[in-house]
Structure formats: structure tokens, C-alpha cells
Amino acid sequence: MSAVRVTGQLALFLLGLLAQCGPALARPRLVVQQIYNAGARSLIIVMLSGFFVGMVLGLQGFDLLQRFGSEDALGVAAALSLLKELGPVVTALLFAGRAGTSLTSEIGLMRATDQLNAMQIMAVDPLRYVVAPRFLGGVIAMPLLAAMFNVVGLFGAQLVGVQLMGVDRGAFWSQMQGSVELNDVWEGVVKSCVFGVACSLIAVHSGYTAEPTAEGVGLATTRTVVASSVLTLFLDYMLTAAFL
Amino acid sequence: MRSTRTLEVGTGLFVLLGFAALFFLTTQLPTSGLKLAGSTAGYHLTAEFDNVGDLKTGSPVTMAGVRVGEVETIRFDSHSYKALVSLRIDPQFDKIPDDSDASVQTQGLLGGKYIGIGPGGSDTYFKDGGRIELTQSAIVLENLVNKLFATFVSKDRDASGAQGSGAASGSDK
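Procedures and definitions
- Residues numbered from 1 in each chain as written.
- Chains lettered and ligands numbered in written order.
- Predicted model: local features only at pLDDT ≥ 70, side-chain atom pairs only at ≥ 80, totals over all residues.
- Helix = DSSP H or I, 4+ residues; strand = E, 2+ residues; numbered from the N terminus.
- Buried ≥ 20, exposed ≤ 12 C-beta atoms within 10 Å, placed from the backbone.
- Contact = placed C-beta atoms within 7 Å.
- Nonpolar A, V, L, I, M, F, W, Y, C, P; charged D, E, K, R; others polar.
- Core = buried A, V, L, I, M, F, W, Y, C linked by C-beta atoms within 7 Å.
- Expected span 1.5 Å × (residues − 1).

Notes on the overall build of chain B
Then, number 1: Tallying secondary structure elements over chain B gives two helices and eight strands in all.
Then, number 2: For chain B, the succession of helices and strands along the chain, N to C, is α-β-β-β-β-β-β-β-β-α.
Then, number 3: Scored against the burial criterion, the 173 residues of chain B give a buried share of 23%.
Then, number 4: The long-range fraction of contacts in chain B, counting pairs at least 24 apart against all pairs at least 6 apart in sequence, stands at 60%.

Points about the interface of chain A and chain B
Size of an interface, as often reported, equals the accessible area lost when the parts are brought together.
Then, number 1: Residue-level contacts link 33 residues of chain A with 36 residues of chain B.
Then, number 2: If you list the elements that add at least two residues to the side of chain A that touches chain B, you get helix 2 (28-38), helix 4 (74-112), helix 6 (126-164), helix 7 (169-179) and helix 8 (182-208) of chain A.
Then, number 3: Sort the elements by how many residues they give to the side of chain A that touches chain B and helix 7 of chain A lands first, with nine residues.
Then, number 4: Among the residues making up the side of chain A that touches chain B, the classes are represented as 19 nonpolar, 10 polar and four charged.

Topic: the nonpolar core
Then, number 1: In terms of nonpolar packing, the biggest core is built from 77 residues, with V131, L145 and M148 of chain A touching the most fellow members.
Then, number 2: For this core, the elements supplying multiple residues, two or more each, are helix 1 (2-25), helix 2, helix 3 (43-67), helix 4, helix 6, helix 7 and helix 8 of chain A together with helix 1 (2-28) of chain B.
Then, number 3: Here this core gets 22 residues from one element, more than from any other, and that element is helix 6 of chain A.
Then, number 4: With 20 residues, the next largest nonpolar core counts L55, A83, L87 and I117 of chain B among its residues.

With respect to helix 1 of chain A
Residue and element names in this part refer to chain A.
Then, number 1: Taking 1.5 Å of rise per residue, 24 residues should cover 34 Å, and helix 1 covers 33 Å from first to last C-alpha, within 8% of that figure.
Then, number 2: By the burial criterion, the buried members of helix 1 are L17, Q20 and A24.
Then, number 3: On the buried face of helix 1, the contacting elements are helix 2 and helix 6.

Next up, the structure:
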């Protein structure tokens, strides 16, 4: 029963939020601030993770493909797994941990210290001035982060596959360019956009509805990470099924 | 004032980097992408093939299994109806006899195509712009199976024909 209620709450919250997104965009300064917070400051961790994920893909992919004598397909294998799955999903999980938590605790603390109430008393809509810019910032940042994750990951895979393991560099790139289609790229972009909406929505919602106590803010932060991760993986399955 | 500046520069960098990454993914990965690999040093050879299979630009060129260069361009020659392949050979492999042959081969069972060069016996070597006269096309698996099948069928027919003519003459066409 409570699960149904939370779903309903989330849906209504999303509607209210979308209605405020237009007015929020009229103040781009607030949105830019949030793109910086959610995106630019997650850049290092996302690129670092992407690099290592790519290197692991290069190593594992090489080991696997070598058994079939087709290690030249390493480029294709790495590119497709990064573009379609690992890029969007791992970025979303990192985003939930890095940016989602800070969104939740920030908004939750505003709630706990009555800042949101004060705004309402002054007839300033906190959804418009606090929540919507943060939501938009997350939604805009996510696909960009995922794209950077993919590019860095590809070069990580190339580093291991070509430089360390000795796959032919020309074969690595030419087989990849021969087999990857534009649709594969778009699939990843659509996925990361959806994850961006889902993760940002959960983060701002659980901050906005947090109990106005220190404990409540802590619980809300935990809830953000758990709910975002589970929802990301669930949505990933749905989207993959839809794209196939 | 200073912090606004940092904020704007940081966000701008982030967004530009993000779009650069997206641009890279959409333009470089699909077929039309630029070639990122390798050097451009070395000399060029051309070879004509009846059929190059799914040989691609950037596929390796090997001698005795060792990579000596790569495929630079593949064009269709509308006069001879053949595929005109341009190979770039690395500069240190400058002693390839000019009567060597080139064949399109397959890596592993499912691997990509590459060009193998078998050395000839000539004392003169290929120069830049040289042409490999002896070429062997890609083996198309379907054709091979067809041929094999045809051989079996004709053998079968011969056998049954021999039997037929032995047992009862004239019934066989």
C-alpha cells in the first residue's frame, strides 16, 4: 500500500515539477549553477571510472575473444558494451552516489531548517526556485556524463587491447566502425536521458519530502541511493527490451 | 564575482566536453568515421581482386603472419569490374620481391579479413606505387559449399550412371 502511495506521490511530484521547469528555464543562471554542481563536479569520478571500466573490458574481452581466435572483434565488443549498457548504467549509479546524495541532503536540510517554509510564506514557490533547477541540472548533466564515460572507456579499452595485448590497432577501430551503428549510439543516449530523469527525480523528491530532522535527512539520503540504483537497473532492463 | 566566473567556466567546459564526447560517438564510431589508427609513413602498393569479401579499410596486411602494413583504400574499378585495393606497407619492410602474390584471407573461423602477401623469388623489390599482379580473391564460403556439393552430386551421378549402365543399359540420361 505504501509503495503504491509513494509511486503516486512521485508521479504527482513529477507533474508539478515539469510544470515549473519552463519558468525555471527562464532563470538560466540557477540551472547553470546546478549543471555545474551535478555535472562538472562529477566529471573526475565519472571519467576515472570510465577509464577503468574500459580497461577491464579490454582485458576480459581480449581473454574471451582470444579463445575463439577473433580478438580483432575486441573493438566492437568494447564499444557496444560501453555504448549500450555500461556507459549509461554505471554513470547513473555514480551519479546517484555523487550528485543525487548531495541534492537530497541539500534540499532535505533546507526543509529541516524551515527555509522551504520561509520561501512559501514569502509567496516564493520552492518547487520553482529550488527543486526545478536542480532537477533540470541533473537531467541535462547525465547524458553528457555518460557520453564522456563512453569515450574515455573506449580509449581505456584501446590502451589495454592494443598497447598491452597486441590487438591490431587498425582492426580494432575498423571492425568497430564497421559494426557499430548510429542507432546503438542513440540507444545509449536515450537510456542515459531516462536515467537522468529518474535519478534526479528521486533525489529531489526524497529531499523535498524528508522528515525535517537530522535523522530524516540521513534516511532520505540513503533512500535516494537505494531507490535510484534499483530503479536504474530496472529501467535498464525495460529499455533494453524495448530497443531490441 | 570570481566564483561566478569559475562557475561559468566550469559549466561551459563540462557542457563542451560532453557535446564533444557525443559528437565523437555519433560521428566516429559508425562506418563513416575517420581513421584514428596508425601512421601514414611507408610506401604504397596496389592490387586488384575479383572479390575482397568484407575486407575493410584499416585491415592488416601480413607476410608470414607478421603485420607489415594496412589496407588504405578499397575502390571499385568500373572498367575491369574488380576491386582496386591500395596497401600501405611500413617503411622497414622494403624488401618484398616484386613477383609476390596477395590473397584475401580470414582470421580465425569468424574473424575479419586481411591480406596475406606470399613472397616471390624475384631479386628486385617493390617500389612505391608498385602493383601486385598475382592476386587471389576472398573465399566465399557459400561458393565453396556449392562447389563441394556439386562435386558430390556429379560423383554420385557418375557412380549411379556406371551402375545403371552396368545393370540395365539406356535407362540413364
